[in-house]
Amino acid sequence: MNRREPLVLGIETSCDETGIGIVRGRTLLSNTIASSMDEHARYGGVVPEVAARAHLEALEPAIRAALAESGVALTDVDAVAVTSGPGLAGALMVGVGAAKALAVSLEKPLYAVNHLVGHIAADILSSDEHGDQAPPLEYPTVALLVSGGHTSLLLVRDLTSDVELLGETMDDAAGEAFDKVARLLGLPYPGGPEIDRAAASGDPNAIAFPRGLSRASDMAGHRYDFSFSGLKTAVARWTEQRQAAGEPVPVADVAASFREAVVDVLVTKALAACRDYGVPRLLLGGGVIANRRLRDVAIERAAAEGVTVRVPPLSLCTDNGAMIAALASELIMAGRPASTLEFGADSTLPVTEIQVAESA
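The model shown is predicted, which means the values in this text are computed figures rather than measured ones.

### Quick look at the UniProt feature "binding site: substrate" (unreviewed entry) in the protein chain
Link 1 in the chain: Listed under "binding site: substrate" (unreviewed entry) in the UniProt record, and renumbered for this structure, are L145, V146, S147, G148, G149, D179, G192, D196 and N291. Of the annotated set named above, S147, G148, G149, D179, G192, D196 and N291 line the largest pocket.
Link 2 in the chain: Take V146: it is sitting in strand β6 (residues 141-146).
Link 3 in the chain: For V146, a relative accessible area of 0% translates into the label buried.
Link 4 in the chain: Leave out the neighbours within four places in its chain, and V146 touches T151, A174, L266, G285, G286, G287, V288 and I289.

### Remarks on helix α8 (residues 229-244)
Link 1 in the chain: With 16 residues, α8 extends 22 Å from end C-alpha to end C-alpha; this agrees with the ideal 22 Å at 1.5 Å per step.
Link 2 in the chain: All buried positions along α8 are accounted for by L231, V235, A236 and T239. Considered in projection along α8, the buried side chains sweep an arc of 140° and stay on one side of the axis. Of the residues in α8, the exposed ones pointing more than 90 degrees away from the buried face are Q241 and A244.

### Notes on the pairing of β6
Within a regular strand, side chains alternate between the sheet's two faces.
Link 1 in the chain: Taken across its 6 residues, β6 has 6 buried, putting it largely inside the fold.
Link 2 in the chain: Residues T141, A143 and L145 point to one face of β6 and V142, L144 and V146 to the other, with burial holding for every one of them.
Link 3 in the chain: Where β6 lies against strand β7 (residues 151-158), 6 bridges are found, and the strand directions are antiparallel. Bridge pairing in β7 links A143 to L154.
Link 4 in the chain: Between the end of β6 and the start of β7, which pair antiparallel, lie 4 residues.
Link 5 in the chain: Relative to strand β9 (residues 281-285), β6 is paired through 4 bridges, and the arrangement is parallel. Across the sheet, residue L144 finds its bridge partner in β9, namely L284.

### Details of the packing of aromatic side chains
Link 1 in the chain: For the structure on display, the rule yields 3 aromatic pairs.
Link 2 in the chain: With centroids separated by 6.2 Å and ring planes inclined at 45°, the aromatic side chains of Y224 and Y277 adopt a geometry described as tilted. Note that Y224 is positioned in the loop between α7 (216-222) and α8 and Y277 in helix α9 (residues 251-277), a separation of 53 residues in sequence.
Link 3 in the chain: Judged by its relative accessible area of 35%, Y277 falls in the partly exposed class.
Link 4 in the chain: An angle of 10° between the planes, with centres 6.3 Å apart, marks the rings of F226 and F228 as stacked. In terms of burial, F226 and F228 fall into one category: buried.

### Concerning the packing of α8 against α9
Link 1 in the chain: Axis separation between α8 and α9 bottoms out at 11 Å; the angle between their running directions is 160°. With respect to each other, α8 and α9 are oriented roughly antiparallel. For the pair α8 and α9, the crossing hand works out as right-handed. Each of L231, V235, W238 and T239 in α8 lies in contact with α9, whose residues at this interface are V254, F258, A261 and V262.
Link 2 in the chain: Taken together, the residues of the contact of α8 with α9 break down into 7 nonpolar, 1 polar and no charged.

Criteria and thresholds
- Residues numbered from 1 in each chain as written.
- Predicted model: local features only at pLDDT ≥ 70, side-chain atom pairs only at ≥ 80, totals over all residues.
- Heavy atoms only, no water.
- UniProt positions renumbered as here; feature names shortened; annotations may be inferred.
- 1 Å grid on protein atoms, 1.4 Å probe; cavity = no way out; pocket = protein on both sides within 12 Å on 5 of 7 lines; lining within 4 Å.
- Helix = DSSP H or I, 4+ residues; strand = E, 2+ residues; numbered from the N terminus.
- Buried < 20%, exposed > 50% of the residue type's maximum accessible area, 1.4 Å probe, protein only.
- Contact = heavy atoms within 4.5 Å.
- Expected span 1.5 Å × (residues − 1).
- Arc of directions from axis to C-beta.
- Pairing = 2+ DSSP bridges.
- Phe/Tyr/Trp six-rings, centres within 6.5 Å; stacked < 30°, edge-to-face > 60°.
- Axes fitted to C-alpha atoms, helices over the stretch in contact; angles between N-to-C directions.
- Parallel < 35°, antiparallel > 145°, perpendicular 65-115°, else oblique.
- Left-handed = near helix turned anticlockwise from the far one by under 90°.
- Nonpolar A, V, L, I, M, F, W, Y, C, P; charged D, E, K, R; others polar.

Here it is, written out as structure tokens:
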């Protein structure tokens, strides 16, 4: 196997997107994504059984499309990589089963990796095989990962061997909160882009919605943790009171004020971690990073504190197979052995387990 610039095929099926990525070393060759979002829209959220079925149907066509785009044959790959967790158990099982079958039939090493750490690895990929490579990660780095299923704050001392969980959501992830508030306001699923559009013409200071786990009493035990269920409830109560009084609900102002509360908490806690650990670097990842207000506020406030912000290309922020291939590529280049076949789907895989079932 080529350990200097391994050619890796990555499979990601942790939620509602079937992601197949192919990388050579740190160069992105293909990032193919088949989303089942439209199938979930009628339910207002992701249905695990629907997601798993969609992965089964999309996996083979996605692999063929990725191979065609990258110009490589399946037999050319040096290794296969797959998300073992965390995520939806049924969805993960589809990817894990496919990856094992490919690895065994091709007689290639298999790397089972962590979905959340994969989001960090996405930032080091370059799409230009003949040009400048993306700058390597500097360590340590604080990483804020925000998606529909996860809101996590991590301290990354080494991408392949040392990732520490500083805090995470105690209830709803930020992306879930966007979806639920969008529903309250009569906006369609997925809620993130819809809230963003509505907020564009609203006043972010119109309504003083609460910032979860931000009081002095909360900070002692939950300094880096998040909570968005109280914020969601506050939005619901505020809109109900307006409706009960026979007054119209100013959707734009509610959306802007809600978004500002989420952004404020995320950025405040991330920068607090940077200060506390003396780390002048912040990496943003996950699908919610597509929210322009979050990116803008993070960059502006970080600059004021001397913190450099890194954000992967937006196409690599949502769940994708390229980030999984990238993480496996880093493990290979670091000399780490492949995983055995003695692993399965782990919906609650801790972020500290970067690679699963590593060979002795």
